[in-house]
Amino acid sequence: MASDTPNTDPPAPVPSSKQTHNDAAAVAGRGALFIGGAKLAFMIAGFLQRWLLARVVGAAEYGAFSVVNGAVSTVNNTMVQGTTQAVCKYAAEDDARAGAVAAAGLRLQMFVGTAVGLLFLLAAPLLARALGAPAYYVPWFRIVAAIPFLYGFYAVYVGLANGLRRFATQASFDVLFSSCKTVLLLGGAVAFSKAFATKTAPVTGAFVGFVATAVIVLVVAARVMGRVKATPGATFPIKRLASFMTGVAIYAALVNLALNYDLFWLRRFAGAAVTATRADAIVGNYEALRNLALLPYQALIVVTFVAFPLVSRVTFQQDRDATLAYVRQTMRIAFVFAAGMGLALGCRPSALLGLLYKPEYLEGTAALPILATGLCALALLGVACAIINAAGRPRVAVALVSVTLAVGSGCALVMVPHAEPGAPMLRAQALATALGMGAGFVASVFYLIRKFGAAVPLATAARTTLALAVGVAVAQVMPGQGRLMGLLCVAAALTAFAVTLVLARELGPQDRQKLDRLLKRKRPAV
């Protein structure tokens, strides 16, 4: 990390172009390791937070937390992504103006962050009513109003660290956030449940812990990155920053909505059919399924990090052959990986849910394979959209995610209200969600073929489908029930899946060689 104190050493020799290129590559490599490791820790911590909270509270409280958390996360993540990328872009273009860019970002958040926070605070009753939720949701929406306000400022400092290539600092912020949120969110839920004898107390405590996390990470980030000051007299136009941020935020908002909208529909439909507590419990069961079903999407985010710069470069150079190869190979790897994860999640759902959750969360067991299939489709859509964005077609990516939302919402409106509350309603919502995400993925495949002449290779699709069929057959014929036998069944199904891929020559020595080259390239020099 660069020093923040004045440099009094003699000027260093001017590096050669080769040295500069090697140094830049080394910095980029270290950055990928730092940020990749931090994001992995972030994803693991997020799963642990949701899983442990489900162990601490009941299904009804867990469902209520998930709805409010999904609403604020949709808005908050959009703000963070838009702000971080905007500040990073302009700070990276010229280190000398990084301080001015950050100052402009902070001024912008005085308006944007404050407006969003006030929206949650003042519109809390309307938000609860829109979700078909009772009055006890209103205080929670008011508590979480502080989260987008605080994280808007925090995102400025994260973007500044990334733009100045202080990747270790940025990674440390992610790790601090993950650690604090895990401890404070769970600690708040436990402390409030013991201090206040009400059913809403654990959820209130969890959100207080979330807000406390936001305060801590903002203070730390401000102390670390606040030392980067604007050059006296230097300014950066807020309008320019806001314009770029808006473009990023539109796509980010749709993606974050696609990750959470099914919760909102389910809470509304369940709330219209049963009591508030029962509706919250239904949503809690659904969120337990989502925690597992989202794993393929979270894992394939790594593929988008790799694909984006590669496709950006070759499309800029108008190298059609290289573009074709990158698109085909990226979609091939993503498809095989998503299929394997879908198999693991769907072949013995009762074993996975029984191992991780209390018995009251097992109502939606039959819906897990359906929802996992849908989230695998969303993961592949995310990879396709990363390729499309990298090729300079963000409007197409926006349209594809919009298709997912439109089809999924339409199916939910038709299917879910008529389903019996409980397991049938959970299956109906999972199917509606899966249909929407499948429609978006299929549309993305057609666009990739039309634009680049490649998507998931047909041979890969056929061989992977065969391997899935073999894996499912193995899972079905294996005898025995229970958690241990269920996990052994999952392992046997995945083994059959992998062996079939090798025998069908979908996976071969060339894939191992590519993996070895990648690991050697990322291994730090001694």
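Note that the structure is a prediction, hence the values are computed from the model and not measured. (Residues numbered from 1 in each chain as written. Predicted model: local features only at pLDDT ≥ 70, side-chain atom pairs only at ≥ 80, totals over all residues. Heavy atoms only, no water.)

**Some points on the pattern of salt bridges**
Opposite charge on two side chains makes pairing possible when the charged atoms of those side chains draw close. Applying the stated rule across the entire model yields 9 salt bridges. With a shortest N-O distance of 3.4 Å, Arg-290 and Asp-262 are connected by a salt bridge. In this pair, Arg-290 sits in helix 10 (residues 276–293) while Asp-262 sits in helix 9 (residues 238–273), placing the two residues 28 residues apart along the sequence. Asp-262 matches Arg-290 in its accessibility class, with the two residues each being buried. Its salt-bridge partner being Glu-506, residue Arg-463 comes within 2.7 Å of it at the nearest N-O pair. (Salt bridge = Lys/Arg side-chain N within 4 Å of Asp/Glu carboxyl O. Helix = DSSP H or I, 4+ residues; strand = E, 2+ residues; numbered from the N terminus. Buried < 20%, exposed > 50% of the residue type's maximum accessible area, 1.4 Å probe, protein only.)

**Here we look at the nonpolar core**
By size, the foremost hydrophobic cluster in this structure holds 139 residues, and its most contacted members are Tyr-137, Phe-141, Tyr-154, Leu-160, Leu-241 and Met-331. Tallying contributions element by element places helix 14 (residues 368–390) first for this core, with 15 residues. Once residues lying within four places of it in the same chain are set aside, the contact partners of Met-331 are Leu-380, Val-383, Ala-384, Ile-387, Phe-441, Leu-448, Ala-455 and Val-456. Membership of the second largest hydrophobic core comes to 12 residues, among which are Ala-339, Ala-467, Cys-489 and Leu-501. (Core = buried A, V, L, I, M, F, W, Y, C linked by side-chain atoms within 4.5 Å. Contact = heavy atoms within 4.5 Å.)

**Thoughts on the packing of aromatic side chains**
One pass over the full model with this rule turns up 16 aromatic pairs. Ring centres 5.7 Å apart and planes at 65 degrees place the aromatic pair Tyr-136 and Trp-140 in the edge-to-face group. What makes Tyr-136 partly exposed here is its relative accessible area of 29%. Seen in terms of ring centroids, Tyr-151 and Phe-210 are 6.2 Å apart; in terms of plane orientation they differ by 65 degrees. Their pairing is edge-to-face. You can see Tyr-151 sitting in helix 6 (residues 146–163) and its partner Phe-210 sitting in helix 8 (residues 201–225), a full 59 residues away along the chain. For Tyr-151, a relative accessible area of 3% translates into the label buried. Through successive ring pairs, a cluster of aromatic residues spans Tyr-151, Tyr-154, Phe-173, Phe-177 and Phe-210. Of note, Lys-181 hangs over the ring of Phe-210, and the distance from its end group to the ring centre comes to 4.1 Å. (Phe/Tyr/Trp six-rings, centres within 6.5 Å; stacked < 30°, edge-to-face > 60°. Lys NZ or Arg CZ within 6 Å of the ring centre and 35° of its normal.)

**A look at a nonpolar patch on the surface**
Residues Val-403, Val-407, Leu-431 and Leu-435 make up a contiguous nonpolar surface patch of roughly 260 Å² in combined accessible area. Elements with a contribution of two residues or more to the nonpolar patch: helix 15 (394–415) and helix 16 (423–452). Of the residues examined, Leu-435 reaches a relative accessible area of 40% and is grouped as partly exposed. (Patch = residues over 30% accessible without salt bridge, like charges linked within 9 Å, V, L, I, M, F, W, Y side chains within 5 Å. Areas by Shrake-Rupley, 256 points an atom, 1.4 Å probe, with all protein chains shown as cover.)

**Remarks on the side chain of Thr-204**
Counting through the fold element by element, Thr-204 comes out in helix 8. Assessed through its relative accessible area of 19%, Thr-204 is described here as buried. Look past the residues within four positions of Thr-204 in its chain and what remains in contact with it is Trp-140, Ile-143 and Phe-192.

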